[in-house]
Amino acid sequence: MYFDNTGLAVVAPSENPGLGIDADYVQTSCILADGAPRFGVSALTFDKVEELLWMGNQGGHVTSYYLTGNGEMQKYTSFQIHANEELRQILTIEDGILALTPSTLRYQMRRGIPIYTHTSVNTKEMQCMLQLTPSRILLGGQQDKLIDYNLELGKETMLVDAGEAGCVMLRPHSRFVCAGNPLGHIEFRDPNTLKVEHNIDTHTGSLSDFDVQGNLLVTCGFSNRHNNLTVDRFLMVYDLRMMRAVSPMQTVLDPFFLKFIPSISSRLAVVSALGQVQLLDTIALAEPRLCLLQINNPGAMCLTFDISSNSQAMAFGDTSGHIHFFATSDNPTFNTFSRSTEFAESIARVHEFPSFGIDDYSYPLSVIPMPVVPPEMPLASDWPPYLVQKVYRKPPAIDPEILHTMKMQGPIGYAPNPRTSRRNQVAYYFGNNGYNIANSTRTMKSPKHQEENSGFIAIPKRYRKVDVRYSKLGSDEFQFDHYNKTGFSGLEATLPNSYCNAMIQVLYFTEPLRAALLSHLCSKEFCLSCELGFLFHMLSNPFQNQPCQPGNFLRAFRTVPEASALSLILSDLHAEAKLKIDLSALIQSWNRFMLHQMHVELMETRKRIEERRLNRKPFIYKETDFPSISGTRERKTTTDCTEVVDVDVKLENEKREDNSEISQLFGTKQLQMNSCLKCSYEVRKESILLACNLVYPTSEPEREEWSFCDILKRSLCPQQTTPAWCEQCAKFTPTAQSRILQSLPKLLAVNTGLHNYQHKQFWQTQMDKVVIKATKLVLDSNSSPLSTASSITSSKPCRYGDNCSRPGCRFRHSFDNTPPSVPTNNLYCSNNWLPHEIVMTLKDDKLDVRKLEEKDKQESQSNTDTRKKYQLSSVVCYVNDQSSADKRNLVALIKVPDSYLQTRNNEQHKWYLFNDFNICPVPAQEAVWFSLDWKVPCVLYYSSPEVLESSSEIRHPLSRQDVFTEDACIARSGGTSGITFTPLAENEVLKAGDLVAMDAEFVTLNQEEAELRSDGKMSTVKPSQMSVARITCIRGHGRMEGTPFIDDYISTQEQVVDYLTKFSGIKPGDLDANFSSKHLTTLKSTYTKLRFLQDSGVIFVGHGLKNDFRVINLVVPPEQIADTVQLFHLPHHRMVSLRFLAWHFLGIKIQSETHDSVEDARAALQLYKKYKQLEAQNKVGEALAELYETGKLLNWKVPED
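None of these values were measured; they are calculated from a predicted model.

## Regarding the overall build of the chain
Argument step 1. Scanning the chain from terminus to terminus reveals 25 helices and 55 strands.
Argument step 2. The buried share among the 1201 residues of the chain stands at 44%.
Argument step 3. When contacts within the chain are restricted to residue pairs at least 6 apart in sequence, those whose partners lie at least 24 apart make up 60%.
Argument step 4. Entry remark: accessible area of the chain is about 65700 Å², with carbon and sulfur atoms responsible for 51%.

## Side note on the side chain of D306
Argument step 1. In this fold, D306 is placed in strand 30 (residues 302-307).
Argument step 2. Polar contacts involving the side chain of D306 include one to the main-chain amide nitrogen of F46, which spans 2.9 Å.
Argument step 3. Sequence-distant contacts of D306, defined by excluding residues within four places in its chain, comprise L44, T45, F46, K259, A313, M314 and A315.

## Notes on the nonpolar core
Argument step 1. Among the nonpolar cores identified, the biggest contains 145 residues, and Y499, W590 and L1093 are the most heavily contacted of them.
Argument step 2. Setting aside residues no more than four positions away along its own chain, L1093 makes contact with F964, L990, V996, C1033, F1045, I1046, V1098, F1100 and Q1120.
Argument step 3. One finds L1138, F1145, L1167 and V1198 within the second-largest nonpolar core, a separate group that totals 19 residues.

## Some remarks on the packing of helix 5 (residues 511-518) against helix 6 (residues 528-539)
Argument step 1. Packing of helix 5 against helix 6 leaves a shortest axis separation of 8 Å and a crossing angle of 110°. Taken together, the axes of helix 5 and helix 6 are roughly perpendicular relative to one another. Along the contact surface, helix 5 presents R514, L517 and L518, while helix 6 presents S529, L532, G533, F536 and H537.
Argument step 2. When the residues that make up the contact of helix 5 with helix 6 are grouped by side-chain class, the tally is 4 nonpolar, 3 polar and 1 charged.

## Details of the packing of helix 23 (residues 1138-1146) against helix 24 (residues 1157-1176)
Argument step 1. It is the contact of helix 23 with helix 24, at a shortest axis distance of 10 Å, that shows an interaxial angle of 50°. As summarised for this structure, helix 23 and helix 24 are arranged oblique, according to the angle between their axes. Of the two possible hands of crossing, helix 23 and helix 24 adopt the one that is left-handed. Residues L1138, L1141, A1142, F1145 and L1146 of helix 23 form the contact with helix 24, whose own contacting residues are D1160, A1163, A1164, Q1166, L1167, K1170 and L1174.
Argument step 2. Looking at the contact of helix 23 with helix 24 residue by residue, the classes come out as 9 nonpolar, 1 polar and 2 charged.

## Some remarks on unusual backbone geometry
Argument step 1. Of the consecutive residues A36 and P37, the connecting peptide bond is found in the cis state with omega at 0°.
Argument step 2. Positionally, P37 belongs in the loop between strand 3 (26-32) and strand 4 (41-46).
Argument step 3. For E125, which is not glycine, the phi dihedral falls at a positive 50°.
Argument step 4. Position of E125 relative to the elements: it lies in the loop between strand 11 (114-118) and strand 12 (126-133).

## Some details on the UniProt feature "binding site: a divalent metal cation" (unreviewed entry) in the chain
Argument step 1. According to UniProt, the positions carrying the feature "binding site: a divalent metal cation" (unreviewed entry) are D999, E1001, D1108 and D1160. These annotated residues cover 162 residues of sequence, and their C-alpha atoms lie no more than 13.3 Å from one another, placing them together at a single site.
Argument step 2. Structurally, the position occupied by E1001 is in strand 48 (residues 995-1006).
Argument step 3. Among residues more than four places away in sequence, those in contact with E1001 are S1027, V1028, A1029, R1030, F1063, S1064, I1066, H1155, D1156, S1157 and D1160.
Argument step 4. Here D1160 lies in helix 24.
Argument step 5. D1160 sits in the buried class, given a relative accessible area of 4%.

## Regarding the environment of T1154
Argument step 1. The residue T1154 is located in the loop between helix 23 and helix 24 in this model.
Argument step 2. Residue T1154 is classed as partly exposed on the basis of its relative accessible area, which comes to 34%.
Argument step 3. In sequence terms T1154 and G1065 are 89 residues apart; their C-alpha atoms lie 5.5 Å from each other.

## Some thoughts on the sheet that holds strand 38 (residues 719-726)
Argument step 1. An order of 36-35-39-38 is seen for the 4 strands of this open sheet, with the pairing classed as antiparallel. Each edge of the open sheet carries a strand with a single partner, namely strand 36 (682-689) and strand 38. On average, each strand axis in the sheet is inclined to that of its neighbour by 30°, with strand direction left out of account.

## Brief notes about the environment of L130
Argument step 1. Here L130 is to be found in strand 12.
Argument step 2. Overall, the relative accessible area of 9% leaves L130 in the buried class.
Argument step 3. Once the C-alpha coordinates of L130 and G140 are considered, the two residues, 10 residues apart in sequence, prove to be 8.7 Å apart.
Argument step 4. Setting aside residues no more than four positions away along its own chain, L130 makes contact with R136, I137, L138, L170, R171, P172 and V177.

## A word on the side chain of Q1094
Argument step 1. Note that Q1094 resides in helix 20 (residues 1083-1096).
Argument step 2. Judged by its relative accessible area of 6%, Q1094 falls in the buried class.
Argument step 3. A polar contact of 3.0 Å, which involves the side chain of Q1094, links it to the backbone oxygen of V1115.

## Quick word on the sheet that holds strand 5 (residues 53-57)
Argument step 1. Overall, antiparallel pairing links the 4 strands, which are arranged 4-5-6-7 in an open sheet. Only two strands of the sheet have a single neighbouring strand rather than two, namely strand 4 and strand 7 (73-80). On average, each strand axis in the sheet is tilted by 20° relative to the strand beside it, whichever way the strands run.

## Re the pattern of salt bridges
Argument step 1. Applying the stated rule across the entire model yields 35 salt bridges.
Argument step 2. Among the ionic pairs, E511 bridges to R514, the shortest N-O distance being 3.1 Å. Of this pair, E511 and R514 both sit in helix 5, 3 residues apart, roughly one helical turn. Across the pair, exposure class does not vary: E511 and R514 are buried alike.
Argument step 3. In this structure, the salt-bridge partner of K1169 is E1041, at a minimum N-O distance of 2.2 Å. Residue K1169 is found in helix 24, and its partner E1041 is found in the loop between strand 51 (1025-1035) and strand 52 (1044-1050); the two are separated by 128 residues along the sequence.
Argument step 4. Salt bridges sharing partners connect three or more residues here, namely E50, E94 and R339.

## Focus on the pairing of strand 16 (residues 169-172)
Argument step 1. Two elements, strand 16 and strand 17 (residues 177-180), share 4 bridges in a ladder whose sense is antiparallel. Counterpart to R171 in the pairing with strand 17 is C178.
Argument step 2. Here strand 16 folds back onto strand 17 in antiparallel fashion, the turn holding 4 residues.

## Thoughts on a nonpolar patch on the surface
Argument step 1. A cluster of nonpolar side chains, contributed by F356, L365, V367 and I368, occupies part of the molecular surface with about 330 Å² of accessible area.
Argument step 2. Take V367: it is sitting in the loop between strand 32 (322-327) and helix 1 (400-405).

## A short note on the state of the cysteines
Argument step 1. Applying the stated rule across the entire model yields 0 disulfides.
Argument step 2. The closest cysteine sulfur to the non-disulfide-bonded C938 is located on C877, 6.7 Å from its own sulfur.
Argument step 3. A residue is classified by how much of its surface remains accessible, and C938, at 0% relative accessible area, is buried.

## Examining helix 7 (residues 551-558)
Argument step 1. With 8 of 8 residues buried, helix 7 lies mostly within the body of the structure.
Argument step 2. For helix 7, the full list of buried residues reads G551, N552, F553, L554, R555, A556, F557 and R558.

## With respect to the packing of aromatic side chains
What describes a pair of aromatic rings is the distance from one ring centre to the other and the angle between the planes of the rings.
Argument step 1. This model, assessed by the stated rule, comprises 40 aromatic pairs.
Argument step 2. Relative to F917, the ring of Y483 has its centre 5.8 Å away and its plane inclined at 80°; by these criteria the two rings are edge-to-face. In this pair, Y483 is assigned in the loop between helix 3 (447-452) and helix 4 (501-508) and F917 in the loop between strand 45 (911-915) and strand 46 (918-921), connecting sequence segments 434 residues apart.
Argument step 3. Since its relative accessible area comes to 24%, Y483 is described here as partly exposed.
Argument step 4. Ring centres of F509 and F914 lie 5.1 Å apart, and the angle between their planes is 45°; this geometry places the pair in the tilted category. Here F914 lies in strand 45 and F509 lies in the loop between helix 4 and helix 5, a separation of 405 residues in the sequence. The pair F509 / F914 is uniform in exposure class, with both members buried.
Argument step 5. A network of ring pairs unites the aromatic residues Y696, F708, F762, W763, W833, F930 and Y942 as a single cluster.

Cut-offs applied
- Residues numbered from 1 in each chain as written.
- Predicted model: local features only at pLDDT ≥ 70, side-chain atom pairs only at ≥ 80, totals over all residues.
- Heavy atoms only, no water.
- Helix = DSSP H or I, 4+ residues; strand = E, 2+ residues; numbered from the N terminus.
- Buried < 20%, exposed > 50% of the residue type's maximum accessible area, 1.4 Å probe, protein only.
- Contact = heavy atoms within 4.5 Å.
- Areas by Shrake-Rupley, 256 points an atom, 1.4 Å probe, with all protein chains shown as cover.
- Polar contact = N/O pair within 3.5 Å; in protein donor to acceptor, adjacent residues only side chain to side chain.
- Core = buried A, V, L, I, M, F, W, Y, C linked by side-chain atoms within 4.5 Å.
- Axes fitted to C-alpha atoms, helices over the stretch in contact; angles between N-to-C directions.
- Parallel < 35°, antiparallel > 145°, perpendicular 65-115°, else oblique.
- Nonpolar A, V, L, I, M, F, W, Y, C, P; charged D, E, K, R; others polar.
- Left-handed = near helix turned anticlockwise from the far one by under 90°.
- UniProt positions renumbered as here; feature names shortened; annotations may be inferred.
- Pairing = 2+ DSSP bridges.
- Salt bridge = Lys/Arg side-chain N within 4 Å of Asp/Glu carboxyl O.
- Patch = residues over 30% accessible without salt bridge, like charges linked within 9 Å, V, L, I, M, F, W, Y side chains within 5 Å.
- Disulfide = S-S within 2.5 Å.
- Phe/Tyr/Trp six-rings, centres within 6.5 Å; stacked < 30°, edge-to-face > 60°.

What follows is the structure, encoded as structure tokens:
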């Protein structure tokens, strides 16, 4: 049945079946339930875990049904819940079902075994229930209470007022708990606190049913007309995003029940009391045809209905005790993924077992049931006693290699681990018993797993990823100086996207690039070049070999949409996708993206400065600017002259528009030529190449031996034939594409592209050929490569460790700042395919690349624009630690220029390995040695001598006029009501040594990750990620002492997990530009102010400034920090809070309800002056002793009175 365009009902097959769903549901069976016809069916529920249908009747009986193979419904279990009360609702959970009657809640297993029954004084006239969590149930009824019930505890945990009308319907939603009462009122409650957030009035008479799907809420009920209740033919529809009604939907029946079809979110099933069903579409409201179904229930009234989770089945229950089952197919399922139902085992008789031969060993004897015999009666299958004796397994023989290298100390022998098996595990082989464990485990593993675990890979300790162990004090107790004794600063790797630490170090040790970024500063909020310049400033001022945290750079990096589009943001990926990330390909994409991003940002800044310089002209009165009778010709001449000047400026700008410090350093001018092979039509285009991707000749088997210079030449000047569009032929034709180099770069950036297996195999093949050639030379000269091994210092650690006092000890110690020796017995280390130095010559548009030989080094020919010598300056390698996916990392081997070295005369220590914060010197040979099973080269930097020997001038980008001018508040309200500071006046100059009290407040972006150790203690795996939210600086001297001149709230675009309002005073909305009433600025604006203060040499006074500066990403010399937490501290004792110090020494109470950075900064300033006063009186020791004695008596808590 459907309705045509005129509104008439038509009973006929559809002309166009694509417009309706007339034949979706067909009644397949009708079941007479238990207790019928005396009791009607009052509750129906499809099981969401198993393929079962549950029924509850008005007599308190529950029955479950399942579908057989031929589509018939069969009874599964049947049991009584209550003696005389009807079933109001049945809810299925993981371990059983919950059955609700007016006065009881029964927890029952699906097999019919009761778990418990809950009754209390509050369970009266119960009507509905809703599962909020696996252990939390919400109960409602025709009473004034909502009951929050805990299934695990078996008791009521909370009672909530539901009003006089009570709550007879509960529906779930992603943000609310929807509760409806009989009077047509629906309340939206918070799922955690159950407090009412919103409410709506639906029908004027009564509410019969409602359902929620997504942002739509649909209700049906009765209207009050002429003091009588009549069925409302309109379904009320509400949009939960705006909490208001939208256009209602009209039905052709009297709606009594309704429910959204689960798998089709726009479909709605509406049921009348007479058994009519109408399927509506909530999206296509103007659909002329509707789908109607009729339940075969003559004289009976429909009491309940339900739809399966996958929408393949519907069930209706009526007053006569019948269950009407509708389905979309002959063998429907109730769930997409269901658990198998447990059935009773069938008892088989003896004569039903098939006969089998006594010599048939393939037949399992376990199918024959054992007879029930007394224990003392023996069985024919019992083994004789001599075959069941206890015999201990013999231990396997000791490895001959261990016996050969073992040294005896009394009865104990010591030998190095040959690493042929796992530690503390002994492998037993049962080959004599016909079952070999080694062979069985090998066949069970996948080929990929066999390849990865086929052999143990020994990775040197300096290349492995170091896990930072956190304590209660975070990473403060971690000994970073144990991993870095070089004087250079490392980078922490705990923040998301810190995989780029290796490339950041490479860029930092490129002197022209470092100088350009340190001199760069623009007004763009998230400028990666600015953030890199700030980070380079931190790396330039190392403090006791402590690492820096690149938090601000990574924060800006996450906001760049191009980086997210290139999948460079790992924090946006889920856990499984992160494990599949290829770090080798990722860091090469990062290198290419970062060079282009810095080029664009520096170029835009230069254009902006030039435009500002050209437009900054003083105002001069000109007669030509105003109407005048005379001077028309002069005005014309002046205008023409101005136009000529503007044209010249524009032409000059167009010539330099693609020029920046990055293109001058990395840029390679190239001419790309596309020539049609049919019509010889040629197109030329000039471009600049910033990074070269190596192209390997995998399709040319005729040539076996290639040098790295050959590959580099092919990659810089590739030639290929490919179909392309020809403008002259007006179609795709074979086109010869080639690139011709027109200039040589100062620094050549190369991406190796070894994330492809074929390319890696090609590299390995070429390395093998170099070693084979070197082996032949050694054999011809009759010299052994091991002859010089005795003169090399041993790489083994000293047995005495750092306590060794032997002069000239040849073993390694942790305090040795010398690179490990080159293993001379490894030909792959001494013979490399990658050259240290190359020569590139450009002549007549032809490029020549060759390895720099000894004779070339002796030549005094200097570099020119067409001929340049290059030295390998940086290598970024991917360390593939196959023991764990989390252990994979990226390291950088960098040849540090002389301008960075503290000891200029130490020539052999130019190469250093940067592994996050683990930095150590390495020999130069190690930079070109690769073991492709764990050490894979990713990025290569070849630098010309002018780059390695350059000493660029750094222009200080921060000036007082640019930093301390009145910065604009980015809050929409203007932030005028939130200004709590007085900016520095023009004549107010901060000099070196001036006091500035500072305090900062923070919010949490990511909670810390902890795990439970075997000893029962919690161990921090990953610390919480903090973000600065407020920074306050207060004058420490002068007539305005104690007055803040910086009090900025820092805007954040990232999701805040915890505002820490109790400790920070920051409330939700304070950091949002749309709602904040504070003086809201960007982090970059406030950061430049702190940088200017640091460069000015002021002394920062505060409490716990070490952590503040660490999160802000600012390295301040210790002589510029006066930290009260350290001043008022006795060694080997606890730190004292600012609140207790202010009460004890100043007699004031701070931080009573919440923290205020202005109040904390003033208290720290007064404490510092109090300390100076005690120091002048020589009473610091007495004051600290009294402080700790008072603190122990009061348990370090400030008394209330």
